[in-house]
Amino acid sequence: MIDLVIEARRALITPGMEVKRILPFRLKRMVGPFIFMDHAGPVDLNAMTTAQLDVLPHPHIGLSTVSYLLAGEVTHRDSLGVEQIIRPGEVNWMTAGRGIAHSERFEDPTLLAQGKLEMLQTWVALPERDEESAPTFDNYKPEDLPVYTDKGVWMRLIAGNAYGLRGDVKTHSPLFYLHAQLDKGTRFGLPHEHSERAIYVVTGQIEVAGRTYGAGQLLVFGAGNDPVLLAVEATTLMLLGGEPLGERFIWWNFVSSRKERIEQAKEDWKQGRILLPPNDNDVFIPLPDDRSRPAGNPAPQALS
């Protein structure tokens, strides 16, 4: 019933921000067009200053970054001059295309009193025809996103289409991305509209074919599988997938269908050809040392 179970790994993206890294994985680089997935938190903001969590300006090409908060607040700034505070239930969808830089900062001191931050970050690879498109940014409020409720089930469609829901979030290829909450004892099925599907367990436990899976696990299902999921306890899930785009190369924060384009992006960042956010340009993250080609080592840790 399940093609693969991926256990989240620990990754440190700032001195104060340790995340659960889910995608990419050595046995499964992508699920549909989704090539990257991080789960940050819950982070106890009372235990640190918000500056420890900040992700300084850094570049992207060839993908869309998708930010979705379960708790807390983050300020996004990018090369287009956008400054956007994202709050729980909103969607920040930034398409890098031929190149953009952005930062994610935690600037509201009232968050320290609230105590928690929890965020899902995914990257959606672009079809080849859109890899060199002009960068764009959109923020969608919770009221812009379709919601479905039934006995024991609450779902918000973040993007794409599934379960008969269709949203207005601008996407570039067939996909689905949902936030779901299940009451204990609820039975639940996967959407049928897409050939590649996966479920990430944020909290709680689900049972599939007599086996139990818990927080930090991504369950990947192939085409034709139609499992029934049982919520062993109150459970929060992220469901994602879509149609595959073909092979993609990923190095640091760069994604492309062409290796040589990754090399160009490295040089573009070193030479300052990818602009910094105009309202956050005093500091930035330099290109990591590239030892991957001569030594055959993995790429450096990716940022959100």
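Residues numbered from 1 in each chain as written. Predicted model: local features only at pLDDT ≥ 70, side-chain atom pairs only at ≥ 80, totals over all residues. Heavy atoms only, no water.

This brings us to the pattern of salt bridges. The tally for this structure, following the rule as stated, stands at 18 salt bridges. Between R77 and E83 there is a salt bridge; the shortest N-O distance is 3.1 Å. Under the relative-accessibility criterion, R77 is labelled buried at 9%. Put simply, K141 and E90 hold a salt bridge, and the shortest N to O gap is 3.3 Å. Remark: E90 occurs in the loop between β8 (83-86) and β9 (91-95) and K141 occurs in the loop between β12 (136-140) and β13 (147-150); sequence separation between them is 51 residues. Overall, K141 belongs to the partly exposed group, its relative accessible area being 28%. Exposure remark for E90: the relative accessible area of 6% places this residue in the buried category. In this structure, a network of salt bridges that share partners links the residues E132, R258, E260 and R261. (Salt bridge = Lys/Arg side-chain N within 4 Å of Asp/Glu carboxyl O. Buried < 20%, exposed > 50% of the residue type's maximum accessible area, 1.4 Å probe, protein only. Helix = DSSP H or I, 4+ residues; strand = E, 2+ residues; numbered from the N terminus.)

Moving on to the sheet that holds strand β5 (residues 55-60). The four strands lie next to each other as β5-β10-β7-β8, forming an open sheet whose pairing is antiparallel. Strands at the two margins of the open sheet, each flanked by one partner only, are β5 and β8. With direction set aside, neighbouring strand axes in the sheet form an average angle of 25°. Bridge count between strand β7 (residues 74-78) and strand β10 (residues 100-105): four bridges; the pairing is antiparallel. Bridging across to β10, R77 finds its partner in S103. (Pairing = 2+ DSSP bridges. Axes fitted to C-alpha atoms, helices over the stretch in contact; angles between N-to-C directions.)

The next point concerns the packing of aromatic side chains. With the rule as written, the count across this model stands at seven aromatic pairs. Both rings, one in W252 and one in F254, keep their centres 5.8 Å apart while their planes meet at 85°; by these two values the pair is edge-to-face. Grouping residues by exposure puts W252 and F254 together as buried. Through pairs of rings, three or more aromatic residues link up here, namely W251, W252 and F254. One Lys or Arg, K266, reaches over the ring of W251 and ends 4.1 Å from the middle of that ring. (Phe/Tyr/Trp six-rings, centres within 6.5 Å; stacked < 30°, edge-to-face > 60°. Lys NZ or Arg CZ within 6 Å of the ring centre and 35° of its normal.)

Attention now moves to the environment of D289. Positionally, D289 belongs in the loop between α2 (259-270) and α3 (292-295). For the pair D289 and L245, spaced 44 residues apart in sequence, the C-alpha to C-alpha distance is 29 Å.

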